[in-house]
Amino acid sequence: MNRLMDTIKKRLGKVRGQAVFLAVVCVLCVILAMLPTGIPLAVPENGSREKARVESVDNSMLAPLGIVYSGTQTAQVTLLTGPYKGQTVMAVNALNSALDKDKLFESGDTALVLVQSKDGQPFSATLIDHYRVDTQLLLLLLFAVLIILIGGISGCGALISLTASVLLIWKVLIPMLLKGIAPIPAALLTVALLTSVTMFLVGGFTRRALTAFLGSILGTALTCVLTIVFGDWLRMDGGDIPYATALLAQSSLQIDLRQLYFAMVFLGNSGALMDLAMDIASACDEVSINQPAITRGELIRSGFSVSRSVIGTQTTTLMLAYSGNFLSMLMYFMAQGTPVIDILNYKFVVSEILLTLVGSFGLVTVAPFTALVSGWVCLRRKSGEAQA
């Protein structure tokens, strides 16, 4: 009975510590949300972005070019937010025959508009795009409810970890990069912070969380080294990353696109490494709890055994995730009859291959890294020792 009570007290202490950490990270998230980025917003004087309902449209000034249009669409819109709520204004929507950027509006649509005022009244409005924030918030709310119902306090930790990750990237990493800080060190620091927050929020201050953190960091470090080495060998210069030309223009050619590409590779793979590291660490910790007399070598071998079972599916998952994003590109190459040898030498294709293979290499190595760390961190030396 005394042993049971001790175990209950220790578990309650662990949950209490995790709850305190959750509260601390929540406060940090609020601070990050309020933290200015130092980058001025592109908002014209006397202008504001508002939600509006499209009442009617005029397409007479549009010229069809196949499935796209050029010209200007005009619309009568009723403002639904802001100081001019309820007023109806004329808005314009410029189309440039760009399928990925152009949008057409119909009566009844809800739009985001840029309203400019003069003498206290709106005098012009520009249709930016369809208003999608409400639907995104609903989707986020459903996800939050589901993860909390299923995961309990760990689910809360995962949700707060996701919030912290978004805020760290938007409020810290991106401003650092725009201000000229070297992308690789900045991304490595961000990954370390994200990994620590995620592991200890989800796993609490436990041996498994520490094990997963160390295993993930080792895998990320190796991924970073491999990215730099093979990126050099493959002559990757980062010129194919999205908005590369615009970034160079905005920074007066100060951003190192090559380093930025390398940072994007290991940052993009860090989430998968965290996932696998926590899987291996949790399995090893459970083995140690249920078999407290297990030796270090046996625990490490158990970790390697679990690793072999999950590596295959994790690597396939990573490959499908990246290839799924570029399915349309692969369809285009096949429809054009492009030789495979050409495809394998295109810079923008090689960048995706490097991303996938280096990420897969990181997954394969993070498993044994975590198994080795678990032999030292998760091992219970005394029979019946409770989880720390």
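Each remark here, short or long, concerns the structure printed above.
Residues numbered from 1 in each chain as written. Predicted model: local features only at pLDDT ≥ 70, side-chain atom pairs only at ≥ 80, totals over all residues. Heavy atoms only, no water.

Visitor: Any chance you could break down the overall build of the chain for me, citing the residues and the numbers?
Guide: Scanning the chain from terminus to terminus reveals 10 helices and 6 strands. Dimensions along the principal axes, computed over C-alpha positions, put the chain at roughly 80 × 55 × 35 Å. Relative to its 388 residues, the chain shows a buried fraction of 38%. In the chain, once contacts between residues fewer than 6 apart in sequence are set aside, the share between residues at least 24 apart is 68%. Total accessible area on the chain is roughly 21600 Å²; 66% of this is exposed by carbon and sulfur atoms. Here the chain carries 27 positive and 24 negative side-chain charges, and the mean point of each set is 15 Å from the other. (Helix = DSSP H or I, 4+ residues; strand = E, 2+ residues; numbered from the N terminus. Buried < 20%, exposed > 50% of the residue type's maximum accessible area, 1.4 Å probe, protein only. Contact = heavy atoms within 4.5 Å. Areas by Shrake-Rupley, 256 points an atom, 1.4 Å probe, with all protein chains shown as cover. Lys, Arg positive; Asp, Glu negative; His and termini not counted. Charge placed at Lys NZ, Arg CZ, Asp CG, Glu CD.)

Visitor: Run through the packing of aromatic side chains, naming residues and quoting values.
Guide: Two numbers describe a pair of aromatic rings. These are the distance of the centres and the angle of the planes. Under the definition given, this model contains 7 aromatic pairs. Between Tyr346 and Phe348, the aromatic rings sit 5.6 Å apart at their centres with planes inclined by 10°, giving stacked as the arrangement. Among the aromatic residues, those joined into a cluster by ring pairs are Tyr332, Phe333, Tyr346 and Phe348. Stacked on the ring of Trp376, the Lys or Arg Arg296 has its end atom at 3.8 Å from the ring centre. (Phe/Tyr/Trp six-rings, centres within 6.5 Å; stacked < 30°, edge-to-face > 60°. Lys NZ or Arg CZ within 6 Å of the ring centre and 35° of its normal.)

Visitor: Mind laying out the pattern of salt bridges, listing which residues take part and the relevant values?
Guide: Considering all chains together, one arrives at 7 salt bridges under this definition. Between Lys51 and Asp134 there is a salt bridge, and its shortest N-O distance comes to 2.7 Å. Taken together, the residues Lys51 in strand S1 (residues 47–58) and Asp134 in helix H2 (residues 133–178) connect sequence positions 83 residues apart. For Asp134, a relative accessible area of 41% puts it in the partly exposed group. For the salt bridge of Arg208 with Asp285, the shortest nitrogen-to-oxygen distance reads 3.1 Å. In this pair, Arg208 sits in helix H4 (residues 207–233) while Asp285 sits in helix H6 (residues 257–290), placing the two residues 77 residues apart along the sequence. Here the residues in one salt-bridge network are Arg208, Asp285 and Glu286, joined through shared partners. (Salt bridge = Lys/Arg side-chain N within 4 Å of Asp/Glu carboxyl O.)

Visitor: Go over the packing of helix H3 (residues 183–203) against H6, please, and point to the residues and values.
Guide: Helix-helix packing is described using two parameters, namely the angle between the two axes and the distance between the axes. The N-to-C vectors of H3 and H6 enclose an angle of 15°; their axes lie 9 Å apart at closest approach. Judged by the inter-axis angle, H3 sits roughly parallel to H6. Two packed elements cross with a definite hand, and for H3 against H6 that hand is right-handed. Residues Pro183, Ile184, Pro185, Ala187, Leu188, Val191, Leu194, Thr195, Thr198, Met199 and Gly203 of H3 touch H6, and the partners they reach there are Gln259, Leu260, Phe262, Ala263, Phe266, Leu267, Ser270, Met274, Ala277 and Met278. When its residues are assigned to classes, the contact of H3 with H6 shows 16 nonpolar, 5 polar and no charged. (Axes fitted to C-alpha atoms, helices over the stretch in contact; angles between N-to-C directions. Parallel < 35°, antiparallel > 145°, perpendicular 65-115°, else oblique. Left-handed = near helix turned anticlockwise from the far one by under 90°. Nonpolar A, V, L, I, M, F, W, Y, C, P; charged D, E, K, R; others polar.)

Visitor: Could you give an account of unusual backbone geometry, with specific residues and numbers?
Guide: In this model, Arg235 sits at a positive phi of 55°, which is unusual for a non-glycine residue. Summarising the element assignment, Arg235 is placed in the loop between H4 and helix H5 (244–250). Judged by its relative accessible area of 73%, Arg235 falls in the exposed class.

Visitor: So what's going on with the pairing of strand S5 (residues 110–118)? Residues and values would help.
Guide: In this sheet, S5 lies alongside S1 in antiparallel orientation, the contact comprising 7 bridges. Directly across from Ser48, in S5, lies its bridge partner Val115. Inspection of the sheet shows S5 paired to strand S6 (residues 121–130) by 8 bridges, in the antiparallel sense. Bridge assignment links Gln116 to a residue of S6, and that residue is Ser124. Hairpin geometry of S5 and S6 is characterised by an intervening segment of 2 residues between the two adjacent antiparallel strands and by a positive phi of about 55° at Asp119. (Pairing = 2+ DSSP bridges.)

Any functional reading would require information that these geometric values do not contain.
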